[in-house]
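Structural overview
One-letter residues, chain by chain:
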Amino acid sequence: MIEFENVDVTYPGGFKALHNVSLTIEDGELLVIVGLSGAGKSTLLRAVNGFVPITAGSVKVDGVEVRGASRKTLRELRSNVGMIFQTFNLVKRTSVINNALMGRLSKVPSWRAMTGFWPAADREIALQSLERVEIVEKAYVRASDLSGGQQQRVGIARALAQEPSVLLADEPVASLDPVTSHTVMGDLRRINRDLGITTIINLHFLDLARTYGQRLVGLRDGELVFDGNIADVDDE
Ligand code: ADP
């Protein structure tokens, strides 16, 4: 369970990007966050794994307080939280499987990763993750040779290879064409249903939220202005 209680995030320089946000996300839930650019969606997502300065209130993930957490606690937390990015953040000059294996980095000693000698069990997890997003046949292709939609699937596979309990997707389809956006959103929803991974997706299109979400949180100028069923949302 993820619990935000009266959370403020104030960036160095004084800009308050979240004001007094309270929100509870149950295990296995799929939550869509919608808001205009600058509303604080990305900030809210990053508060979950302590990547932004939480200056008031409390953020708890499975009972563990993120605000003021030690490096060790944050490291453990982040190893259980997979992130998916708008621009995929792949290492383009290496293979798809090596990108997926990067999801295992926090689970193996660093010398393993540096030498590239990954244990068979980790390679198997990486391959299974690629299979789940139907891109395993590209495992030995360079990431740069894939289309945008395929690269995003590798981004999802990398997050899944972490065997996370939470997936955070920050505008995962903003760089993709409409057809590919639907495929990737469909993948995220299927993964949420099949694996029961708590999933939070930032979107700035309401139509995609309507098609793929259940619960929607609306943000405006850092404040939570809606929390409810997507069926009850209109454009206004
Ligand atoms: P969204 O994801 O909804 O576009 P963000 O969470 O990225 O919104 O940003 C919310 C606000 O916080 C914006 O006004 C942005 O300029 C500001 N902001 C984001 N990151 C930083 C930062 N590192 N330092 C200062 N201000 C930031």
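Residues numbered from 1 in each chain as written. Predicted model: local features only at pLDDT ≥ 70, side-chain atom pairs only at ≥ 80, totals over all residues. Heavy atoms only, no water.

Thoughts on unusual backbone geometry
Of note in the backbone geometry, Asp62 takes a positive phi value of approximately 50° without being a glycine. Turning to its location among the elements, Asp62 is positioned in the loop between strand E4 (54–61) and strand E5 (64–65). The exposure class of Asp62 is partly exposed, given its relative accessible area of 49%. Within the chain, Glu163 stands out as a residue other than glycine whose phi angle is a positive 50°. (Helix = DSSP H or I, 4+ residues; strand = E, 2+ residues; numbered from the N terminus. Buried < 20%, exposed > 50% of the residue type's maximum accessible area, 1.4 Å probe, protein only.)

Some details on the nonpolar core
Ranked by size, the top nonpolar core spans 42 residues in total, and within it Leu130, Ile156, Met185, Leu203 and Ala209 carry the most contacts. If you list the elements that add at least two residues to this core, you get strand E3 (30–34), helix H3 (96–101), helix H5 (120–132), helix H6 (148–161), strand E7 (166–170), helix H7 (178–195), strand E8 (198–203) and helix H8 (206–212). Counting residues per element, this core draws most heavily on H6, which supplies 5 residues. Contact partners of Met185, with chain neighbours within four places excluded, come to Val173, Ile201, Leu203, Leu208 and Tyr212. In this structure, Ile2, Leu31, Val81 and Met83 belong to the second largest nonpolar core, which totals 30 residues. (Core = buried A, V, L, I, M, F, W, Y, C linked by side-chain atoms within 4.5 Å. Contact = heavy atoms within 4.5 Å.)

Here we look at the site of the ligand
What surrounds the ligand is the set Tyr11, Phe15, Ala17, Leu36, Ser37, Gly38, Ala39, Gly40, Lys41, Ser42 and Thr43. Side-chain polar atom of Thr43 to an oxygen atom of the ligand: 2.5 Å apart, as the coordinates give it. For the ligand, whose accessible area on its own is 560 Å², the fraction buried by protein is 60%. Residue contributions to the shell around the ligand peak at 3 residues, all from helix H1 (residues 41–48). Considering only residue class, the shell around the ligand consists of 5 nonpolar, 5 polar and 1 charged. (Near = heavy atom within 4 Å. Polar contact = N/O pair within 3.5 Å; in protein donor to acceptor, adjacent residues only side chain to side chain. Areas by Shrake-Rupley, 256 points an atom, 1.4 Å probe, with all protein chains shown as cover. Nonpolar A, V, L, I, M, F, W, Y, C, P; charged D, E, K, R; others polar.)

Examining the environment of Gln150
When you line up the elements, Gln150 lands in helix H6. Through-space distance from the C-alpha of Gln150 to that of Val133 is 9.1 Å; in sequence the pair is 17 residues apart. Ignoring sequence-local partners within four residues, the contact set of Gln150 consists of Ile135 and Lys138.

What to know about the packing of aromatic side chains
Under the definition given, this model contains 0 aromatic pairs. Across from the ring centre of Phe51, 3.9 Å away, lies the NZ or CZ of Arg78, which sits over that ring. (Phe/Tyr/Trp six-rings, centres within 6.5 Å; stacked < 30°, edge-to-face > 60°. Lys NZ or Arg CZ within 6 Å of the ring centre and 35° of its normal.)

Let's talk about the sheet that holds E3
One open sheet holds the 6 strands; their spatial order is E6-E7-E8-E3-E9-E10, and the pairing between them is mixed. Sheet topology places strand E6 (81–84) and strand E10 (223–229) at the edges, where each strand pairs with a single neighbour. Each neighbouring strand pair of the sheet contributes to a mean axis angle of 20°, computed without reference to strand direction. Where E3 and strand E9 (residues 215–220) come together, 4 bridges link them in parallel fashion. Of the residues in E9, the one forming a bridge with Val32 is Leu216. (Pairing = 2+ DSSP bridges. Axes fitted to C-alpha atoms, helices over the stretch in contact; angles between N-to-C directions.)

Quick look at the sheet that holds E4
Strand order in the open sheet formed by 4 strands is E2-E1-E4-E5, and the pairing between neighbours is antiparallel. Looking at the sheet topology across the chains shown, the edges are occupied by strand E2 (16–25) and E5.

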